[in-house]
Each structure stands twice: as structure tokens, then as C-alpha cells.
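A structural walkthrough
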Amino acid sequence: LAIYDKAIFKSLAVSRIPGLLTQDPNRRLKEEGHSFQSLLDDVRQTLAKQYLKSSDLPIKSIAVKVGINNPTIFNRAFKKWCGVSPGEYRDTYKA
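Small disclaimer: the values here were computed from a predicted structure and weren't measured. (Residues numbered from 1 in each chain as written. Predicted model: local features only at pLDDT ≥ 70, side-chain atom pairs only at ≥ 80, totals over all residues. Heavy atoms only, no water.)

Overview of the overall build of the protein
Note the threshold: Segments assigned H or I by DSSP are reported as helices when at least four residues long, segments assigned E as strands when at least two residues long, and all are numbered from the N terminus. Note on classification: 1.4 Å probe, protein chains only; a residue is buried when its accessible area is under 20% of the maximum for its type, exposed when over 50%, partly exposed between these limits. Contacts are assigned to residue pairs with any non-hydrogen atoms lying within 4.5 Å of each other. Residue burial considers only the protein chains on display, and all accessible areas are found by Shrake-Rupley using a 1.4 Å probe.
The helix and strand tally for the protein stands at six helices and zero strands. The linear arrangement of helices and strands in the protein, starting from the amino end, is α-α-α-α-α-α. Within the protein, buried positions represent 29% of all 95 residues. Sequence-distant contacts, at least 24 apart, represent 52% of the contacts inside the protein between residues at least 6 apart. Total accessible area computed for the protein in this model is approximately 6100 Å², and 54% of it derives from carbon and sulfur atoms.

See the structure below:
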């Protein structure tokens, strides 16, 4: 699953949160202690971990599949999320 269009993902994410008013989703997300960016990052992190554990795709391809077209930015984000680089994560879980 690749996330290419934030607008499509946002409408899907918003439609699946019970009680979320579509008129002002950012306000409601903030009230619930979330933001669109934090939800998007959670999805990207989950997908990246799944791809790293279960595939031999190059890290650059995984970055694109989760909607980050710059591998350097993906590496930096993944290290922030998990405390290790994507390569280190893969080595740990594919050993």
C-alpha cells in the first residue's frame, strides 16, 4: 500500500474516526490529542516496519511506498520513530 495523495488519505483517515466531524477535522483531532501529521507518521511507520520485516525491497523503494520520495528524509524519520536506521531494523528482524 503506497500513500501518494495526502488528500485521499486524509479523507479515509477522517472517515474512520468515530464521531469526527468532517467540517473541522483538524480541530477535532487536536482535541483528541492527535494531528493529521501524527496519524500519517503512525501509518508510515507501521507500513515501513512491515515492508522491512517481510520483503527484500530496497529501502529507497520502501520510502516511496510509504509516501516519502526522498530516502534521506525517510532514513531520518525512521530513525526518529524507531531509534535505529531502516537497515539496522531490517538486520535485527530478518536475522
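Structural notes on helix H5 (residues 71-82)
Inclusion rule: Take the number of residues in a helix, subtract one, and multiply by 1.5 Å to get its expected span. When we speak of the arc, we mean the arc of directions from the helix axis to the C-beta atoms.
End to end, H5 covers 16 Å across twelve residues, agreeing with the expected 16 Å (1.5 Å per residue, within 8%). Buried within H5 are the following residues: Phe74, Ala77, Phe78 and Trp81. Taken end-on, H5 shows its buried residues confined to a sector of 100°, consistent with a single buried face. Among the exposed residues of H5, those pointing more than 90 degrees away from its buried face are Arg76 and Lys80.

Examining the packing of aromatic side chains
Stated precisely, the cut-off is as follows: Whether two aromatic rings pair depends on their centres lying within 6.5 Å, for rings of Phe, Tyr and Trp, where Trp uses its six-membered ring; planes under 30 degrees apart make the pair stacked, over 60 edge-to-face, and the rest tilted.
Enumeration according to the criterion identifies four aromatic pairs in this entry. Ring geometry for Phe74 and Phe78: centres 6.0 Å apart, planes at 45°, overall tilted. In this pair, Phe74 and Phe78 both sit in helix H5, four residues apart, roughly one turn of the helix. For Phe74, a relative accessible area of 0% corresponds to the buried category. Aromatic pair Tyr89 and Tyr93: ring centres 4.5 Å apart, planes at 40°, arrangement tilted.

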